[in-house]
Amino acid sequence: MPIGQLIRDLRGARGWTQNKLADQLSIAAGEPNGAPGRDAVKRWEAGKVIPGDHWLRQLAHVFNVPIENLKSEATLDHVNRRNFIGLSALVAAHGHIASQMVASIAGRDSGPLALSQTTHGTDIVIASMADRASVSHLTRWMRDAGTSVLRVNAAGILAKLPSQDHAAKVTDVLTHDDEVRHLYMTAVTSRVCAVDWTTAGRIVTTPGAYASQAPFLAGRFAQEAVNPRDAGARWCSSVMLRELSPMIGWS
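Residues numbered from 1 in each chain as written. Predicted model: local features only at pLDDT ≥ 70, side-chain atom pairs only at ≥ 80, totals over all residues. Heavy atoms only, no water.

How should I be thinking about the overall build of the protein chain in this particular structure?
A tally of helices and strands in the protein chain yields 14 helices and zero strands. Counted from the first residue to the last, the protein chain has its helices and strands arranged as α-α-α-α-α-α-α-α-α-α-α-α-α-α. Here the contacts in the protein chain between residues at least 6 apart in sequence split such that 67% fall between residues at least 24 apart. (Helix = DSSP H or I, 4+ residues; strand = E, 2+ residues; numbered from the N terminus. Contact = heavy atoms within 4.5 Å.)

Which parts of the structure should I look at to understand the packing of aromatic side chains?
Given two aromatic rings, their pairing is described by the distance between the two centres and the angle made by the two planes. Counted according to the given criterion, the structure contains one aromatic pair. Relative to F63, the ring of W16 has its centre 5.9 Å away and its plane inclined at 20°; by these criteria the two rings are stacked. Taken together, the positions of W16 in the loop between α1 (2-13) and α2 (18-29) and F63 in helix α4 (residues 53-63) put the pair 47 residues apart, joining distant regions of the chain. Here W16 and F63 have matching classes, each one buried. (Phe/Tyr/Trp six-rings, centres within 6.5 Å; stacked < 30°, edge-to-face > 60°. Buried < 20%, exposed > 50% of the residue type's maximum accessible area, 1.4 Å probe, protein only.)

Explanation requested: the environment of K48 in the structure shown.
Positionally, K48 belongs in the loop between α3 (38-46) and α4. For the pair K48 and G4, spaced 44 residues apart in sequence, the C-alpha separation works out to 8.5 Å.

Could you clarify how one ought to interpret the nonpolar core in this entry?
As a rule of thumb, nonpolar side chains are buried together in soluble globular proteins. Ranked by size, the top nonpolar core spans 65 residues in total, and within it L21, F63 and L70 carry the most contacts. A per-element tally of this core places helix α11 (residues 178-193) first, with seven residues. Look past the residues within four positions of L70 in its chain and what remains in contact with it is I3, L6, L10, L56, L59, A60 and V65. (Core = buried A, V, L, I, M, F, W, Y, C linked by side-chain atoms within 4.5 Å.)

Would you take a moment to explain the pattern of salt bridges for this structure?
Here the idea is simple: oppositely charged side chains can pair when their charged atoms come close. Summed over the entire model, instances satisfying the criterion amount to ten salt bridges. Between K160 and D123 there is a salt bridge, with its nearest N and O atoms 3.6 Å apart. Taken as a pair, K160 in the loop between α9 (148-158) and α10 (164-176) and D123 in helix α7 (residues 120-129) lie far apart in primary sequence, 37 residues in all. Accessibility expressed as a relative area gives 11% for K160, which makes it buried. We note a salt bridge from R191 to E224, for which the minimum N-O separation is 2.8 Å. Taken together, the residues R191 in helix α11 and E224 in helix α13 (residues 214-224) connect sequence positions 33 residues apart. A relative accessible area of 10% places E224 in the buried class. When salt bridges that share partners are traced, they join D123, K160 and D230 into one network. (Salt bridge = Lys/Arg side-chain N within 4 Å of Asp/Glu carboxyl O.)

Explain the packing of α9 against α11 to me, please; I cannot follow it from the model alone.
When two helices pack together, their arrangement is given by the angle between their axes and by how far apart the axes lie. Two numbers describe how α9 lies on α11: the axes approach to 9 Å, and their chain directions differ by 60°. The pairing of α9 with α11 is recorded here as oblique in orientation. Considering the relative orientation of α9 and α11, their crossing is right-handed. Contacts from S148, V149, R151, V152, A155 and G156 of α9 reach α11 at E179, V180, L183 and Y184. Here the residues of the contact of α9 with α11 sort into six nonpolar, two polar and two charged. (Axes fitted to C-alpha atoms, helices over the stretch in contact; angles between N-to-C directions. Parallel < 35°, antiparallel > 145°, perpendicular 65-115°, else oblique. Left-handed = near helix turned anticlockwise from the far one by under 90°. Nonpolar A, V, L, I, M, F, W, Y, C, P; charged D, E, K, R; others polar.)

Could you clarify how one ought to interpret α10 in this entry?
With 13 residues, α10 should reach 18 Å at 1.5 Å per residue; the first-to-last C-alpha distance of 18 Å fits that figure. Turning to α10, the residues buried within the fold contact α8 (132-144), α9, α11 and α14 (231-244). Of the residues that open α10, the one with a side-chain oxygen 3.2 Å from the backbone nitrogen of D165 is S163. (Expected span 1.5 Å × (residues − 1). Polar contact = N/O pair within 3.5 Å; in protein donor to acceptor, adjacent residues only side chain to side chain.)

I tried to follow the packing of α13 against α14 on my own but got confused; where do I start?
The contact between α13 and α14 brings their axes to 8 Å, and the two run at 150°. Taken as axis vectors, α13 and α14 run roughly antiparallel relative to one another. The element α13 and its partner α14 pack so that their crossing is left-handed. Residue-level inspection shows A214, L217, A218, F221, A222 and E224 of α13 in contact with α14, the latter providing A233, R234, S237, M240, L241 and L244. Grouping the constituent residues of the contact of α13 with α14 by class yields nine nonpolar, one polar and two charged.

Here it is in structure tokens:
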């Protein structure tokens, strides 16, 4: 079952062995004799056994991820299998740097997030690992940080959380913070339209200069406007669609 792959990826992102995970679960549950050992973890990861609700809660605790992330994978079907595979691939690709970022955020150290703008994939993995305290730190940085890079990175991570409340907070910042809006929209445009950063910034700033490419650009933004994993990208894409729509059909 896919839940096994997710457990393995989350464990690997932290550099834990199967024995280490079993030890962490034993400590978290306070059950040194009743907690699963390495063999149980191995069976979970191989998909031979699906952890029950109790151990899903303990896994969520030791991995610092929302319980919903694990429960949704434990009941995965063909409809959401694509999302699971995508998350697993992102963890494999971005897990190391994301785990370092998560540790910094949990320790209230905003330094790493203030250095440069993070990638879409890294943001998704960080969001999947962030606990409640980290979300609180990110929310404060998104609103009050002195640097726009830190504010946009915090917004980018919060935008990947499965919550309408966080989505509303992110879109409020995008609406009122000019610097964050420009950085976020440029990043979304670069990723969605497969253009370099400079070109993406020009498209955001002067969309009228790209009237001949409006149908192509609008098609890309229309797809991103329903992206279930990024509330900020949905908002930015909707704004760009509004700007581009009058140009559709221009020669």
